Amino acid sequence: MSVIEVRNLRKSYAGNFAVDGIDLTIGEGEIFSLLGPNGAGKTTTVEILEGFRTRDSGEVRVLGIDPQVKGDGARTFRDRIGIVLQSTSDAGDLKVSETLEYFSHYYSGAKDPNEVIEAVGLGEKRDQLIRELSGGQRRRLDVALGIIGNPELLFLDEPTTGFDPEARRSFWGLIRSLRDAGTTILLTTHYLDEAEALADRVAVINKGKILEISTPSSLGGRATSQARVTWEKDGEMCEEFTNEPTSVVSRLARQFEGEIPKLVVSRPTLEDIYLEMIGQRIEVEA
Ligand code: ATP
């Protein structure tokens, strides 16, 4: 079953298309990541899916509902989704536990606030005032508020900005566990390693259009791209691109009769591929 269905979505501001004919199908239990440079149309798309912006044209169904629905339908819709926005909310004079307790009453099937506090790693901060939390801890609270309603679909916008590396890893674990429990997640991120670590599929958006939808490992022909072998010989760096890196390394090992100096075998990262896609697009349109 698809949780998000988008056909030929368009939205313009003052005659310029921010979203210019997007098609998307996102399945239940999938982590789907939207990638694209600043101004690509990600936020506009996501906010249309969340029901915060109206579209000019196109078909949109989220959990089978048109997000532009009004009245009781809108309340039912909100009850089933969770949103973590880019900027942090401000409720500085409440404690962490009070805030989650308070927001849990907005939802019909809310999770236990204590379990959510533990899940986002704020157990030791439960009695602390929000204004006394660090930036990364506040971001965790935002995530806690996004999942307190036990959403079927979670929108995550730049969720780990301000996290230290350890906190990011543990947050990724939390997101995977939500997915494993059946939550569908739409992740917007500028961190390519985050998309690689989490996303089942990614869409690259530029200038309001989707360039490609694929798994992180096969985007832009990545799965079949050549390996790059580099090593040092007589003080100079050497490089070879090959489909058979093992043969190249064996040959070099024979040549050097043992250790190959400064040997590195690498494949293009998701970031390499992404930058190439975005760059190519700009070249084509220039
Ligand atoms: P970022 O990565 O910077 O958040 P984005 O991919 O989310 O970028 P959008 O915020 O969707 O991009 O913006 C897409 C385009 O639409 C941009 O050119 C932006 O200037 C324009 N735009 C967005 N919102 C409005 C608005 N309310 N009024 C006018 N133009 C807008």
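**A look at the side chain of Glu194**
Turning to its location among the elements, Glu194 is positioned in helix H7 (residues 192-198). Classification of Glu194 as buried rests on a relative accessible area of 0%. A polar contact of 2.5 Å, which involves the side chain of Glu194, links it to the side chain of Thr160. Side chain to side chain, Glu194 and Thr189 meet in a polar contact 3.2 Å long. Excluding residues within four positions of it along the chain, Glu194 makes contact with Pro159, Thr160, Arg168, Trp172, Leu187, Thr189 and Ala199.

**Here we look at the domain arrangement of the chain**
One can read the domain layout of the chain as domain 1 (2-220) and domain 2 (226-266). For domain 1 and domain 2, the distance between their C-alpha centroids amounts to 43 Å.

**A word on the sheet that holds strand S12 (residues 264-266)**
Spatially, the three strands line up as an open sheet ordered S11-S10-S12, and their pairing is antiparallel. The sheet is open, and its two borders are formed by strand S11 (236-242) and S12, each paired with just one other strand. The sheet shows a mean angle of 20° between the axes of neighbouring strands, taken without regard to direction. Packed on one face of the sheet, helix H8 (residues 245-256) meets strand S10 (227-233), S11 and S12 and runs near 10° to S10.

Reading the values: the criteria
Residues numbered from 1 in each chain as written. Predicted model: local features only at pLDDT ≥ 70, side-chain atom pairs only at ≥ 80, totals over all residues. Heavy atoms only, no water. Helix = DSSP H or I, 4+ residues; strand = E, 2+ residues; numbered from the N terminus. Buried < 20%, exposed > 50% of the residue type's maximum accessible area, 1.4 Å probe, protein only. Polar contact = N/O pair within 3.5 Å; in protein donor to acceptor, adjacent residues only side chain to side chain. Contact = heavy atoms within 4.5 Å. Domains from an automatic or database assignment. Pairing = 2+ DSSP bridges. Axes fitted to C-alpha atoms, helices over the stretch in contact; angles between N-to-C directions.

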